[in-house]
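For reference, the chains in residue letters:
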Amino acid sequence: MRPRLLPPRFTGRLHDPRTATVIGRWLGAAFAVCFATGLISHGMQHPPSWLSGFPSRPVGAYRFTQGLHVASGIAAVPLLLAKLWTVYPRLFTWPPVRSPRHGLERLSVGLLVGAAVFEVATGLLNTAQWYPWPFSFVPVHYAMAWVVTGSLVLHVAVKAPDIGRHWSRRSAGTLALPAEDARNRRSLLTAVGAAVGAVTVTTVGQSFTPLKGLDLLAPRHPDQGLQGLPVNRTAAAAGVGAVAEDGYRLRVDGPRPAVLTLADLRRLPQYEAELPIACVEGWSKSAHWGGVRIRDLLERAGAPAHARVRVVSLQTRGGYRVSELDATHARDPLTLLALRLGGEELAPDHGYPARLIAPNRPGVLQTKWVCRLEVLT
Ligand SMILES: Nc1nc2c(c(=O)[nH]1)N[C@H]1C(S)=C(S)[C@@H](COP(=O)(O)O)O[C@H]1N2
Ligand SMILES: [Mo]
């Protein structure tokens, strides 16, 4: 039976499987990079029980993978829009469901589109620290990544014959398409490529600092902030009041517990390290830190070599007041309880009087306003 309302007709010529295949390949690559780097980031923040820890070198590895995560997510925005534009006339094919198998395929496409749009949108808003939703970002963004990946694998499997027929310019299906569309397709693909290039070049400087001068669309500029380093949560926002120089104590709980004043900490051997803050939200900045080695503090406290360490902040509420160091990071000679940044005492917003800084570690785990180290065995 014909529907009373005729489905719309589409006169655009590039809603064809060849265009969908080419854009789909780029989008698939962006999603694959985004998923792999997202798993790394999530694994570092929520280490699975079967993993004893992560390597602490190269020092900037997380900066690189998380920079790639945010860059591939941003590149996915124009790619996803272009892909949806190419295929949207299929929403209006009649009848909408031809068979149970076709119905299932449509359902999986619906799931893929919904989850992909959700994932890219929530990730993008997170880079701007804007959370206009009632759920917590990390677990939901993580769970939806599996939904996107699962439905994407299913989609590629179902579409494999079509993809194969249009994979290259000389594939059978592609040769059957009107030849005069090829030039328009090249223009469209060039424009999509240019859009990807433009959003990448204007945002990637937030972590790849050689391009920071072009960083026009990124929410953070790596040079903006106290002592040349951005601040995500200020002392006021964390509810940490002014810390008095002689009121501060660092407790080290271990086999030989110790309580140290700021003067005690300054009398211990001091070390310097050039290490980045690599925020999960996509900005990264290297800085010059000075302070006491965590491993020296652990040795004084009689901690065994394999000990993990819980790092606790003066901050009394909020998600990032506590972090854990695995044995590799705890023993790394570059892992510091930093007292200085760029040769100056830490500003209150950077964690005065003492903050953790360790190599190859997400920014959220570089705990500020540290007041206690607990040796875990
Ligand atoms: N106690 C505490 N430490 C914290 C945070 C926090 O909210 N509370 N934020 C973390 C995050 S998300 C980042 S990116 C870094 C930023 O350090 P900075 O503000 O010195 O640049 O601090 C981390 N340390
Ligand atoms: Mo962060």
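What you see is a predicted model; the values in this text were computed from it and never measured.

To continue, consider the site of ligand 1. In the vicinity of ligand 1 lie 20 residues, with Pro230, Gln315, His350, Arg355 and Lys368 positioned nearest. Taking Tyr320, its main chain carries an N or O atom lying 3.4 Å from a nitrogen atom of ligand 1. In the complex, 99% of the free accessible area of ligand 1, which totals 530 Å², lies under the protein chains. When grouped by side-chain class, the residues that make up the shell around ligand 1 number 9 nonpolar, 7 polar and 4 charged.

Domain boundaries assigned for the chain yield domain 1 (13-214) and domain 2 (226-376). Computed over C-alpha atoms only, the centres of domain 1 and domain 2 are separated by 37 Å. Residue-level contacts link 24 residues of domain 1 with 25 residues of domain 2. Across the interface of domain 1 and domain 2, roughly 1900 Å² is buried in total on both sides, 52% from carbon and sulfur atoms. In this structure, the connection of domain 1 to domain 2 is made through 1 salt bridge. Across the pair Asp332 and Arg57 runs a salt bridge, and its minimum N-O distance is 2.6 Å.

Taken in spatial order, the 5 strands make up an open sheet running E2-E1-E10-E5-E6, and their pairing is mixed. Here the strands that pair on one side only, and so sit at the sheet edges, are strand E2 (258-261) and strand E6 (322-325). Neighbour-to-neighbour, the strand axes of the sheet open up by a mean angle of 15 degrees, direction not taken into account. Sheet analysis places strand E1 (residues 249-253) next to E2, joined by 4 bridges and oriented antiparallel. Across the sheet, residue Leu250 finds its bridge partner in E2, namely Leu260.

To continue, consider the packing of aromatic side chains. Under the counting rule described, the total for this entry stands at 7 aromatic pairs. An angle of 35 degrees between the planes, with centres 5.8 Å apart, marks the rings of Phe118 and Phe135 as tilted. In this pair, Phe118 is assigned in helix H3 (residues 100-127) and Phe135 in the loop between H3 and helix H4 (137-165), connecting sequence segments 17 residues apart. Centroid distance Tyr131 to Trp133: 5.9 Å. Interplanar angle 75 degrees. Geometry classified as edge-to-face. You can call Tyr131 partly exposed: its relative accessible area is 37%. The exposure class assigned to Trp133 is buried, which follows from its relative accessible area of 15%. Here the aromatic residues Phe118, Tyr131, Trp133, Phe135 and Phe137 are joined through ring pairs into a cluster of three or more. Over the aromatic face of Trp167 sits the side chain of Arg25, whose NZ or CZ is 4.3 Å from the ring centroid. We note Arg293 situated over the ring of Tyr271; from NZ or CZ to the ring centre the distance is 3.7 Å.

In a pair of packed helices, the angle between the axes and the distance between the axes together describe the arrangement. Where helix H1 (residues 17-45) contacts helix H2 (residues 61-87), the two axes come as close as 8 Å, and the packing angle between them is 150 degrees. Of the possible angle classes, the one that applies to H1 and H2 is roughly antiparallel. For H1 against H2, the interelement crossing comes out left-handed. Each residue belonging to the contact of H1 with H2 can be placed in one class, and the counts come to 17 nonpolar, 12 polar and 1 charged.

The next subject is the pattern of salt bridges. A side chain of one charge can pair with a side chain of the opposite charge when the charged atoms of the two come close. Using the criterion set out here, one finds 17 salt bridges in the structure. Among the salt bridges present, the one from Lys285 reaches Asp223, with a minimum N-O distance of 3.1 Å. With Lys285 in strand E4 (residues 284-293) and Asp223 in the loop between helix H6 (181-201) and helix H7 (235-238), the pair connects residues that are 62 residues apart, well separated along the chain. Notably, a salt bridge pairs Glu272 with Arg340, separated by 3.6 Å at the nearest N-O pair. Taken together, the residues span a long stretch of sequence, with Glu272 in strand E3 (residues 271-278) and Arg340 in strand E7 (residues 336-341) at a distance of 68 residues. Overall, Arg340 belongs to the partly exposed group, its relative accessible area being 21%. One connected set of salt bridges, linked through shared partners, spans Arg251, Asp253, Arg310, Arg372 and Glu374.

Reading the values: rules and limits
Residues numbered from 1 in each chain as written. Chains lettered and ligands numbered in written order. Predicted model: local features only at pLDDT ≥ 70, side-chain atom pairs only at ≥ 80, totals over all residues. Heavy atoms only, no water. Near = heavy atom within 4 Å. Polar contact = N/O pair within 3.5 Å; in protein donor to acceptor, adjacent residues only side chain to side chain. Areas by Shrake-Rupley, 256 points an atom, 1.4 Å probe, with all protein chains shown as cover. Nonpolar A, V, L, I, M, F, W, Y, C, P; charged D, E, K, R; others polar. Domains from an automatic or database assignment. Contact = heavy atoms within 4.5 Å. Buried area = accessible area lost by both parts, 1.4 Å probe. Salt bridge = Lys/Arg side-chain N within 4 Å of Asp/Glu carboxyl O. Pairing = 2+ DSSP bridges. Helix = DSSP H or I, 4+ residues; strand = E, 2+ residues; numbered from the N terminus. Axes fitted to C-alpha atoms, helices over the stretch in contact; angles between N-to-C directions. Phe/Tyr/Trp six-rings, centres within 6.5 Å; stacked < 30°, edge-to-face > 60°. Buried < 20%, exposed > 50% of the residue type's maximum accessible area, 1.4 Å probe, protein only. Lys NZ or Arg CZ within 6 Å of the ring centre and 35° of its normal. Parallel < 35°, antiparallel > 145°, perpendicular 65-115°, else oblique. Left-handed = near helix turned anticlockwise from the far one by under 90°.

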